Amino acid sequence: MNQQTEPPADEVRIRLPRGLARELLTLRLDPLPKMSRPRWLAWLPHVVLGYVAIPCGVLTGMQLNDHYGVFGSAVLGLSLLTSASVVLSMFRPLAAWWLGLATSGLVAWAIHDHVGQGQSWPWTPAGPFTLAPVLLMVALRVPPRVTASVIGITLTLNGLADILLRPPQSQTIIGGAALVFGFVGILGYALRATRLARGKLVEQETLTEEERARRTLLEERSRIARELHDVVAHHMSVISIQAQVAPHLVENPSEELKENLAGIRENALEALTELRRVLGVLRSEHPDDPANPHHPQPTLGELDGLVDNVRGAGLDVTTEIAGIRRPLTPGVELTAYRIVQEALSNALRHAPGSRVEVGIAYGPRDLHLCVANSAPTRSAPPSPGAGHGLLGMRERAGMLGGELAAGPRPDGGYEVSAVLPMDPQDPPAVPDPETKKAS
């Protein structure tokens, strides 16, 4: 077996400076991010930096004229370069730093022969402050190690010039420059860390909300699967029993009839076993869970009991049924009951003291449901729920090929309406979120 050998220590030491040098020499576009809040101040940092660039250039020219007696077109050029480095830092921070560093070197060369007794060199008194905005923009947008390298190179070049080229009568201000550059570096690092943390927080909140909605959807689908399992299991059990009893209801049944009925019963039992095996993992282990097989699934025939329970909780509920009331398929009965139950629960939770009207209309081909409440008479207490009840209702209606709509009413109330087909057809397949992501 081949063993992987680690690179020599000197190779690691060489590789790291090369990567750092590549980052220092990059001139890529890195625009200053806009403020996210408030939106009308989005461009405030750019405006402020544009105004800062003007006094930086003016201050450089004034000090060259007044303190060092330097005149001519060179003063105008150095002033413009100083302002240009500040403006450029809004778009290309490292390129702006190189420009500002070169401008500082040109200023030091221009004043070298004009330095009087006690005057500062290689910086003018305002020199560190004119470069500080550029270093701040660098620290805001590059990793901390690059910021430290930028400040370190600036101070190192300052120290070399001070040692090798400083006029004898001049005064050094490298200590003050180090304090100014260190302060703006730390400030920029703190602001950058805060901005990155806020971005991560927003991203995490978005992911958490998506995960919560996805989990709620899966829980609702699991609940629907458990309830439909009970419905299908009930009918398969009835088929099995009827197939077993049928030969005894016929006088002198033929062997062929007995074999066919036995085959029907065997297939029903086998299907029931497979159904319980596949969906048994969705079964709740709590005996009081309404999805337990010992509890029959509710139908619209139990609507009166549901309404009485809600009235007992303090809600004024009225019901109205139109059309010829008749039994429906178990899936439609169960879905209709759950939609009315969830709508009443939402009214009880979010509209205390309101009046609720429950309407059910039996049409020729569709079942129409409507649960509407008036405006609440008092404020609703905080709800601990996930707030995705409408998602479950839409999932149930869509499962049968029906439709569900929900929204506020003009009087301040809320209304939930659904149309369920009497003879449900298979709805179009909806791709699973995970499958969609994978594709």
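Residues numbered from 1 in each chain as written. Predicted model: local features only at pLDDT ≥ 70, side-chain atom pairs only at ≥ 80, totals over all residues. Heavy atoms only, no water.

Participant: Can you help me understand the confidence of the model for the protein in this one?
Facilitator: Parts of the model with low pLDDT should not have their predicted coordinates read in detail. Looking at the protein, the pLDDT average stands at 80 and 83% of residues meet or exceed 70. With pLDDT under 50 throughout, residues 1-16 is counted as low confidence; its partners more than four residues away or in other chains account for two contacts. Confidence over residues 427-439 falls short of pLDDT 50; this stretch has six contacts with residues more than four positions distant or in other chains. (pLDDT = per-residue confidence, 0-100. Contact = heavy atoms within 4.5 Å.)

Participant: I would appreciate a short explanation of the pattern of salt bridges in the present structure.
Facilitator: When the charged atoms of two side chains with opposite charge come close together, those side chains can pair. Under the defined criterion, the tally for this structure stands at four salt bridges. Measuring nitrogen to oxygen at the nearest pair gives 3.8 Å for the salt bridge that ties Glu415 to Arg409. For Glu415, a relative accessible area of 29% puts it in the partly exposed group. Classification of Arg409 by relative accessible area gives partly exposed; the value is 28%. (Salt bridge = Lys/Arg side-chain N within 4 Å of Asp/Glu carboxyl O. Buried < 20%, exposed > 50% of the residue type's maximum accessible area, 1.4 Å probe, protein only.)

Participant: What should I look at first to understand the pairing of strand S2 (residues 355-362) in this one?
Facilitator: Within a regular beta strand, the side chains point alternately toward one face of the sheet and then the other, so they alternate between its two faces. Every second residue of S2 is oriented toward a common face, the buried set being Val356, Val358, Ile360 and Tyr362 and the non-buried set Arg355, Glu357, Gly359 and Ala361. One ladder, built from seven bridges, connects strand S1 (residues 316-322) with S2; its direction is parallel. For Glu320, the partnering residue across the bridge sits in S2 and is Gly359. On the question of chirality, the crossover connecting S1 to the parallel S2 by way of helix H10 (residues 330-350) is left-handed. Note: S2 against strand S3 (residues 366-373), seven bridges, orientation antiparallel. Bridge assignment links Ala361 to a residue of S3, and that residue is His368. Between S2 and S3, which pair antiparallel and follow one another directly, the connecting turn spans three residues. (Helix = DSSP H or I, 4+ residues; strand = E, 2+ residues; numbered from the N terminus. Pairing = 2+ DSSP bridges. Right-handed = clockwise from strand over helix to strand, strands pointing away.)

Participant: Where do I start with unusual backbone geometry in this structure?
Facilitator: As a rule of thumb, non-glycine residues mostly have phi less than zero, and peptide bonds are mostly trans rather than cis. Omega for the peptide link from Trp121 to Pro122 comes to 5 degrees, which places this bond in the cis form. Tracing the chain through its elements places Pro122 in the loop between helix H4 (93-111) and helix H5 (127-141).

Participant: Even after reading the chapter, I still don't get the packing of aromatic side chains, so can you show me in this structure?
Facilitator: Aromatic rings in a pair are described by how distant their centres are and how their planes are angled relative to each other. According to the stated counting rule, one finds two aromatic pairs in the structure shown. Ring geometry for Trp97 and Trp98: centres 4.4 Å apart, planes at 50 degrees, overall tilted. Pairing Trp123 with Phe181 gives two aromatic rings, centres 5.7 Å apart and planes at 70 degrees, and the pair type is edge-to-face. Of the two residues, Trp123 is situated in the loop between H4 and H5 and Phe181 in helix H7 (residues 174-245); the sequence distance between them amounts to 58 residues. Both residues of the pair, Trp123 and Phe181, count as buried. (Phe/Tyr/Trp six-rings, centres within 6.5 Å; stacked < 30°, edge-to-face > 60°.)

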